[in-house]
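So the chains spell out like this:
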Amino acid sequence: MESNSASTYQYQHSLHRKTRNALVTTALALMGEKGLSQTNMIEIADRARVSRASLYNHFRDKNEVFLAVVEMEVERIVQLALRERDVAARLAIVSKEISAHKALSMSVAKDPATIASLLARHEGDLWAKVYQGLASVVASDSAGTALAFRWLIGQIFIPLTPEHSEAQSKRIAEAIR
């Protein structure tokens, strides 16, 4: 009897994860097409092929969806960067990902004040995860991590070319050694 309830729980947990992932991935795609303010909850649910009730079981509002998108993207980019051994190469990957991020650039173009406001809030679990992820990428002390963090934040509003990402990441890596 217990194994049956355990397998039911595992199935429900797996379904919960898949639904949440579908919602976040869909929100990311919509933000890439329309920006943050033009993306709405109903469209996220409909395009993800998830009931609206299920969407609201996972997320209270669009702000929570946005935070989940950011968290997912931070994890993805950090994992991508950590494949490299060299800090300069890692920073170049993060820089290129930020500078070429479709959803981010569309949201900045359509909603610059909203994005600036979200970036100005640096408290909370999400920012702690962002900072920890970047700390693992730069493998430096807090001053080095903060320098890299500020450099990358600037790229949200003024993206770099891949060439500039490479050149500047080398300089940042040298500065934080």
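Conventions we followed
Residues numbered from 1 in each chain as written. Predicted model: local features only at pLDDT ≥ 70, side-chain atom pairs only at ≥ 80, totals over all residues. Heavy atoms only, no water. Helix = DSSP H or I, 4+ residues; strand = E, 2+ residues; numbered from the N terminus. Buried < 20%, exposed > 50% of the residue type's maximum accessible area, 1.4 Å probe, protein only. Polar contact = N/O pair within 3.5 Å; in protein donor to acceptor, adjacent residues only side chain to side chain. Core = buried A, V, L, I, M, F, W, Y, C linked by side-chain atoms within 4.5 Å. Contact = heavy atoms within 4.5 Å. pLDDT = per-residue confidence, 0-100. Expected span 1.5 Å × (residues − 1). Phe/Tyr/Trp six-rings, centres within 6.5 Å; stacked < 30°, edge-to-face > 60°.

K.L.:
Which residues make up the side chain of Thr39, and what values do they have?
P.N.:
Tracing the sequence through the fold places Thr39 in the loop between helix H1 (2-34) and helix H2 (41-48). Taking relative accessible area as the criterion, Thr39 reaches 0% and is therefore assigned buried. There is a polar contact of 2.7 Å between the side chain of Thr39 and the backbone oxygen of Gly35.

K.L.:
A description of the nonpolar core should follow, citing residues and the corresponding values.
P.N.:
Within the largest apolar cluster, 45 residues are counted, with the highest numbers of intra-cluster contacts made by Ile44, Phe59, Leu91 and Leu134. A total of seven residues in this core trace back to one element, the largest contributor, which is helix H4 (residues 62-81). With near-sequence residues (within four places) excluded, Leu134 lies in contact with Leu91, Thr145, Ala148, Phe149 and Leu152.

K.L.:
For the confidence of the model for the protein, give the residues involved together with the corresponding values.
P.N.:
Per-residue confidence for the protein averages 90 on the pLDDT scale, and 92% of its residues sit at or above 70. The least confident element of the protein, judged by mean pLDDT, is H1 at 80; the most confident is helix H5 (residues 87-99) at 98.

K.L.:
Which residues make up H4, and what values go with them?
P.N.:
Along its 20 residues, H4 runs 28 Å from first to last C-alpha, staying within 8% of the 28 Å computed at 1.5 Å per residue. The backbone nitrogen of Asn63 has a side-chain oxygen 3.2 Å away, supplied by the residue at the start of H4, namely Asp61.

K.L.:
Quick one: what's the story with the packing of aromatic side chains, residue by residue and with numbers?
P.N.:
Counted by the stated rule, this structure contains two aromatic pairs. On the basis of an interplanar angle of 85° and a centroid distance of 5.7 Å, the ring pair of Trp127 and Phe149 is categorised as edge-to-face. With Trp127 in helix H8 (residues 125-138) and Phe149 in helix H9 (residues 142-157), the pair connects residues that are 22 residues apart, well separated along the chain. We classify Trp127 as buried; its relative accessible area is 15%. Ring plane angle 65° and centroid distance 6.3 Å describe the contact between Tyr131 and Phe149, whose orientation is recorded as edge-to-face. With Tyr131 in helix H8 and Phe149 in helix H9, this residue pair connects regions lying 18 residues apart in the sequence. We classify Tyr131 as partly exposed; its relative accessible area is 29%. The structure contains a cluster of three or more aromatic residues connected by ring pairs, namely Trp127, Tyr131 and Phe149.

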